[in-house]
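Each chain, letter by letter, is given below.
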Amino acid sequence: MYERKDRLLYFPEDMQPADIDNLLVDVEDAIREGDIEYAYELSLHATQLVPKNFEVWLARASLASSLDEKILCMNYLNELKPDHQDRYHFTFFVLKEILDRDPFLAYLEETENLYRVHNTERMVLSIPKKRSTITRYFHNEVDRLTAAKRYLILAIFGLLLAGIGTLIFAPLAVWEALNASQIMRSRAGQASSLITLAASGVIFLFGLFFSFIFILHLIG
């Protein structure tokens, strides 16, 4: 039978793996018995003591209520383990909530595993790429084509945002594809860059259409 433990009173400052495991068990027990407030307090304090522990952030993410806190949890989870299996699609639902409020994201930078973008409130979002790592020995033309394909993926994703994101990333994809087509030596590379260029143009037109519909919806 569940019995609430005042674990907050005796949290060790130097938490060991066994302490973290016990804490997570307490969080699960509290959730199971409907003591959500206490479960949240446990997860909040745990992330303050061991901010680099993936599991405690996962527990806090499941209990976060505000969008700001969900963004915080999403960023920590994706920064700590960008290649983790998001079984509950937490990142997707957080991004959906953000974009439902304001369909705008702007590209900031990227790493081998993450895209970093920001919304209109300048809140930075860390989004996993979910792709294999590109080795560093590729030539510049391959890097150009790869960049074009990345922007194309973001442009396609932007269609979910009333086309606003598409209007940002599709022109970038076109630019990179044009640069790649000018320096590509192989026929396969030329063909790939032209396909990416054409796809980016088509996606851009779709983005214009959806953005127009979205603006009409706002006005009407």
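Notes on the structure follow. Quick caveat, the model's predicted, so the values are computed rather than measured. The written sequence of each chain sets the order in which its residues are numbered from 1. Only residues with pLDDT of 70 or above have their local features reported here, since the model is predicted, and side-chain atom pairs are shown and tallied only from 80 upward, although totals for entire chains, interfaces and linings are computed over all residues. Hydrogens and waters are ignored; side-chain quantities use all the structure's heavy atoms.

Considering the overall build of the chain
By definition, any uninterrupted DSSP run of H or I lasting at least four residues is a helix, any uninterrupted run of E lasting at least two residues is a strand, and each is numbered from the N terminus. Secondary structure assignment for the chain yields 8 helices and 3 strands. In the chain, the succession of helices and strands from N to C terminus is α-α-α-α-α-β-β-β-α-α-α. Here's how the labels work: a residue is buried when its accessible area is under 20% of the maximum for its type, exposed when over 50%, partly exposed in between, all with a 1.4 Å probe on protein chains only. Counting across all 220 residues of the chain, residues that qualify as buried make up 41%. Taking contacts inside the chain between residues at least 6 apart in sequence as the whole, the part at least 24 apart equals 55%. Residue contacts are counted whenever heavy atoms from the two residues lie within 4.5 Å of one another.

Comments concerning a nonpolar patch on the surface
Patch members must show over 30% relative accessible area and no salt bridge, and they are joined within 9 Å when carrying like charges or within 5 Å when they are nonpolar side chains of Val, Leu, Ile, Met, Phe, Trp or Tyr. To measure how exposed things are, a 1.4 Å probe is used in the Shrake-Rupley method; for residues, cover is taken only from the protein chains shown. Salt bridge criterion: a side-chain nitrogen from Lys or Arg within 4 Å of a carboxyl oxygen from Asp or Glu. Together, Val202, Phe206, Phe209, Phe210, Phe212, Ile213 and Leu216 make up a nonpolar patch on the protein surface, roughly 660 Å² of accessible area in all. Within the secondary structure, Phe212 sits in helix H8 (residues 187–219).

Brief notes about the pattern of salt bridges
Applying the stated criterion across every chain, the model contains 9 salt bridges. Among the salt bridges present, the one from Arg32 reaches Asp29, with a minimum N-O distance of 2.7 Å. Here the residue Arg32 and the residue Asp29 both occupy positions in helix H1 (residues 17–32), the gap between them amounting to 3 residues, near one helical turn. A salt bridge links Glu110 to Arg150, with the shortest nitrogen-to-oxygen separation between them at 2.6 Å. Placement of Glu110 in strand S1 (residues 106–110) and of Arg150 in helix H6 (residues 140–158) is noted, with a sequence separation of 40 residues between them. In this structure, a network of salt bridges that share partners links the residues Lys70, Glu97 and Arg101.

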